[in-house]
Amino acid sequence: MVYLRGSFELPLRVMIFIDAGYFADHWLEKECKIPRTQFNFRQFSKQISTSFSDLKKPRLIRTYYYDGLPEERYPEFSERKQFHNRLNRLMGDFQVRTGQLEKRNGEWIQKGVDAILAIDMVEKAFLDQYEVAIIVAGDQDHLPAVEAVKNKGKQVFGVYYEGSYSEKLVNAFDLGYVLEQNKDGAACRIDEGTKSIQQ
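Report on the accompanying structure. (Residues numbered from 1 in each chain as written. Predicted model: local features only at pLDDT ≥ 70, side-chain atom pairs only at ≥ 80, totals over all residues. Heavy atoms only, no water.)

Throughout the structure, instances matching the rule amount to 18 aromatic pairs. With a centroid separation of 5.6 Å and an interplanar angle of 10°, the aromatic rings of Phe 17 and Tyr 64 are classed as stacked. With a gap of 47 residues between them, Phe 17 in strand 3 (residues 12-19) and Tyr 64 in strand 4 (residues 58-69) connect regions that are remote in the sequence. Since its relative accessible area comes to 0%, Phe 17 is described here as buried. In this structure Tyr 64 comes out as buried when scored by relative accessible area, which is 4%. (Phe/Tyr/Trp six-rings, centres within 6.5 Å; stacked < 30°, edge-to-face > 60°. Helix = DSSP H or I, 4+ residues; strand = E, 2+ residues; numbered from the N terminus. Buried < 20%, exposed > 50% of the residue type's maximum accessible area, 1.4 Å probe, protein only.)

This is how it looks when you write it as structure tokens:
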């Protein structure tokens, strides 16, 4: 689908919103055993922005990466901050947005990250900065933002992996993209079901 503006045919503007806790922490590092520092995020963004059949002529505007940062007193702060700086520096169309990362019972928990993602995705839809949002997430907390963006007349495509997603969220996506692991770490197959999860 290509939108017409005036007498000019322009490509669909696409923005990608990545929940780092879901994608990097759980999918890459726990499921695929791939350190985030060794993963090609630029290639991943291009791959998913060109793999949906409805996106005949996509123009990727920017990829937003939402992550938590621990307090500076923790040694993990420097490591994660350096990684964020590297993403921002090496990828001109990549922007890192951060919330807090708190340690509870020995585990790191994101705080405020989902809210930042939701505000950005909805705000940019109302500012007409994109036609299609691609969200890499599986938590039901993202459902209100997805519905708000769709109510604005935008399309929302989702990227998630089996065994870790909200059925309500996935059913709200216009199209779904299912991550599958292979020897390279994150190959994918297309789920073209617009309102239901394909088995």
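Okay, the environment of Leu 143 next. Its place among the elements puts Leu 143 in helix 5 (residues 143-151). When the C-alpha positions of Leu 143 and Phe 173 are compared, they lie 9.3 Å apart, and in sequence the two are 30 residues distant. Not counting the four nearest positions on each side in its chain, Leu 143 is found in contact with Lys 168, Leu 169 and Ala 172. (Contact = heavy atoms within 4.5 Å.)

With twelve residues, helix 1 (residues 20-31) extends only 14 Å from end C-alpha to end C-alpha; this falls clearly short of the ideal 16 Å at 1.5 Å per step. If you check which residues of helix 1 are buried, you get Ala 20, Gly 21, Tyr 22, Phe 23, Ala 24, Asp 25, Trp 27 and Leu 28. At the N-terminal boundary of helix 1, the capping side chain belongs to Asp 19, with an oxygen 3.1 Å from the backbone nitrogen of Gly 21. Backbone geometry just after helix 1 places Lys 33 at a positive phi near 60°. (Expected span 1.5 Å × (residues − 1). Polar contact = N/O pair within 3.5 Å; in protein donor to acceptor, adjacent residues only side chain to side chain.)

Fair warning: the whole summary comes from geometry, so function is off the table for now.
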